Amino acid sequence: DPSGDRPIPGEIPSGEIPLGLSHLPPRTAYRLALAATLVLIVYGCLYPFRFEARSLTASPLSILIHSWPDGLTRRGTADALVNVLLYVPLGFFAQALAGNRRPWVAAGGALAAGLALSASIEMAQLFDATRSCSALDTTMNVTWTALGVAGALAARRRLQRPWRPLPLDALV
């Protein structure tokens with residue numbers, strides 16, 4: 001800069017509007033991305049929010065465990081494809097946010113979070129007239145979460161740096 005003024009790290013030059021999260025510190029960007037992913041999952045899986053009181057024949061967990069579908073339907077296949085787009089980022093951002101923690105411990109935490117979130121949503125769907133509870137969905141959602149975790153681990157390994165939050169530029 002000819003005037004001798006150096007930009008402050010993280011400062012956005014005047015007149016520029018950031019369109020992504022790359023101007024934020026990586027941990028903040030990952031927290032925001034993870035929070036947005038969680039909101040999208042909860043909203044997308046429980047919409048249109050038509051909950052009603054129901055008398056269940058067993059506990060919600062027992063119903064979930066025994067709710068394997070007889071076959072695949074067109075709607076079930078579409079739901080599975082949407083869940084890929086939701087749960088892969090969940091695993092990726094949860095793992096990428098782990099920072100200096102041991103990566104395999106963080107991976108276990110990300111998978112546990114994916115399982116808890118998916119199972120909770122499936123059990124909540126027992127009380128939504130437009131949704132159904134499915135153990136297959138939970139199993140697949142944990143699989144998609146694991147794929148996201150693997151992607152974060154692979155990106156970390158590819159960068160060959162000490163374990164710390166991934167820079168956003170590494171994702172492109």
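Everything numeric in this text was worked out from a predicted model, so none of it was measured.

## Description of the nonpolar core
Line of reasoning, step 1. Among the nonpolar cores identified, the biggest contains 17 residues, and Ile-41, Tyr-87 and Ile-121 are the most heavily contacted of them.
Line of reasoning, step 2. For this core, the secondary-structure elements that each account for two or more residues are α1 (26-46), α3 (74-96), α4 (103-124) and α5 (135-159).
Line of reasoning, step 3. With five residues, the next largest nonpolar core counts Leu-64, Ala-119, Met-123 and Cys-133 among its residues.

## What about the packing of α3 against α4?
Line of reasoning, step 1. Between α3 and α4, the shortest axis-to-axis distance is 9 Å and the interhelical angle comes to 145°. Classified by chirality, the crossing of α4 by α3 is right-handed. On the side of α3, the interface is formed by Tyr-87, Leu-90, Ala-94 and Gln-95, while α4 contributes Pro-103, Ala-106, Ala-107, Ala-110, Gly-114, Leu-117, Ser-118 and Ile-121.
Line of reasoning, step 2. Taken together, the residues that form the contact of α3 with α4 break down as nine nonpolar, three polar and no charged.

## Considerations on the environment of Phe-51
Line of reasoning, step 1. Along the chain, the position of Phe-51 falls in the loop between α1 and α2 (60-65).
Line of reasoning, step 2. Phe-51 gets classed as partly exposed once you look at its relative accessible area, which sits at 43%.
Line of reasoning, step 3. For the pair Phe-51 and Gln-125, spaced 74 residues apart in sequence, the C-alpha separation works out to 8.1 Å.
Line of reasoning, step 4. Discounting chain neighbours no more than four positions away, the residues touching Phe-51 are Leu-46, Ala-124, Phe-127 and Asp-128.

## Examining unusual backbone geometry
Line of reasoning, step 1. The omega torsion across Tyr-47 and Pro-48 is 15°, close enough to zero to call that bond cis.
Line of reasoning, step 2. Mapped onto the secondary structure, Pro-48 falls in the loop between α1 and α2.
Line of reasoning, step 3. Even without glycine at this site, Phe-49 takes up a positive phi of about 60°.
Line of reasoning, step 4. Considering the arrangement of structural elements, one finds Phe-49 in the loop between α1 and α2.
Line of reasoning, step 5. For Phe-49, a relative accessible area of 37% gives the class partly exposed.

## Regarding the confidence of the model for the chain
Line of reasoning, step 1. Chain-level statistics for the chain give a pLDDT mean of 83 and a share of 77% at 70 or above.
Line of reasoning, step 2. Predicted confidence in the chain is weakest over α3, with a mean pLDDT of 89, and strongest over α2, with 96.

## Structural notes on the environment of Gly-151
Line of reasoning, step 1. For Gly-151, the position within the fold is in helix α5.
Line of reasoning, step 2. The exposure class of Gly-151 is partly exposed, given its relative accessible area of 31%.
Line of reasoning, step 3. C-alpha of Gly-151 to C-alpha of Pro-89: the two residues are 62 residues apart in sequence and 9.4 Å apart in space.

## Some details on the packing of aromatic side chains
Line of reasoning, step 1. All chains considered together, the criterion is met by five aromatic pairs.
Line of reasoning, step 2. Aromatic side chains Tyr-47 and Phe-49 sit 5.9 Å apart centroid to centroid with 90° between the ring planes, which places their arrangement in the edge-to-face category.
Line of reasoning, step 3. Measuring from ring centre to ring centre gives 5.6 Å for Phe-92 and Phe-93, while their planes differ by 85°; the resulting arrangement is edge-to-face. Like Phe-93, Phe-92 is buried.
Line of reasoning, step 4. Connected via pairs of aromatic rings, a cluster forms that spans Tyr-30, Phe-92 and Phe-93.

Rules used throughout
- Residues numbered from 1 in each chain as written.
- Predicted model: local features only at pLDDT ≥ 70, side-chain atom pairs only at ≥ 80, totals over all residues.
- Heavy atoms only, no water.
- Core = buried A, V, L, I, M, F, W, Y, C linked by side-chain atoms within 4.5 Å.
- Buried < 20%, exposed > 50% of the residue type's maximum accessible area, 1.4 Å probe, protein only.
- Helix = DSSP H or I, 4+ residues; strand = E, 2+ residues; numbered from the N terminus.
- Axes fitted to C-alpha atoms, helices over the stretch in contact; angles between N-to-C directions.
- Left-handed = near helix turned anticlockwise from the far one by under 90°.
- Contact = heavy atoms within 4.5 Å.
- Nonpolar A, V, L, I, M, F, W, Y, C, P; charged D, E, K, R; others polar.
- pLDDT = per-residue confidence, 0-100.
- Phe/Tyr/Trp six-rings, centres within 6.5 Å; stacked < 30°, edge-to-face > 60°.

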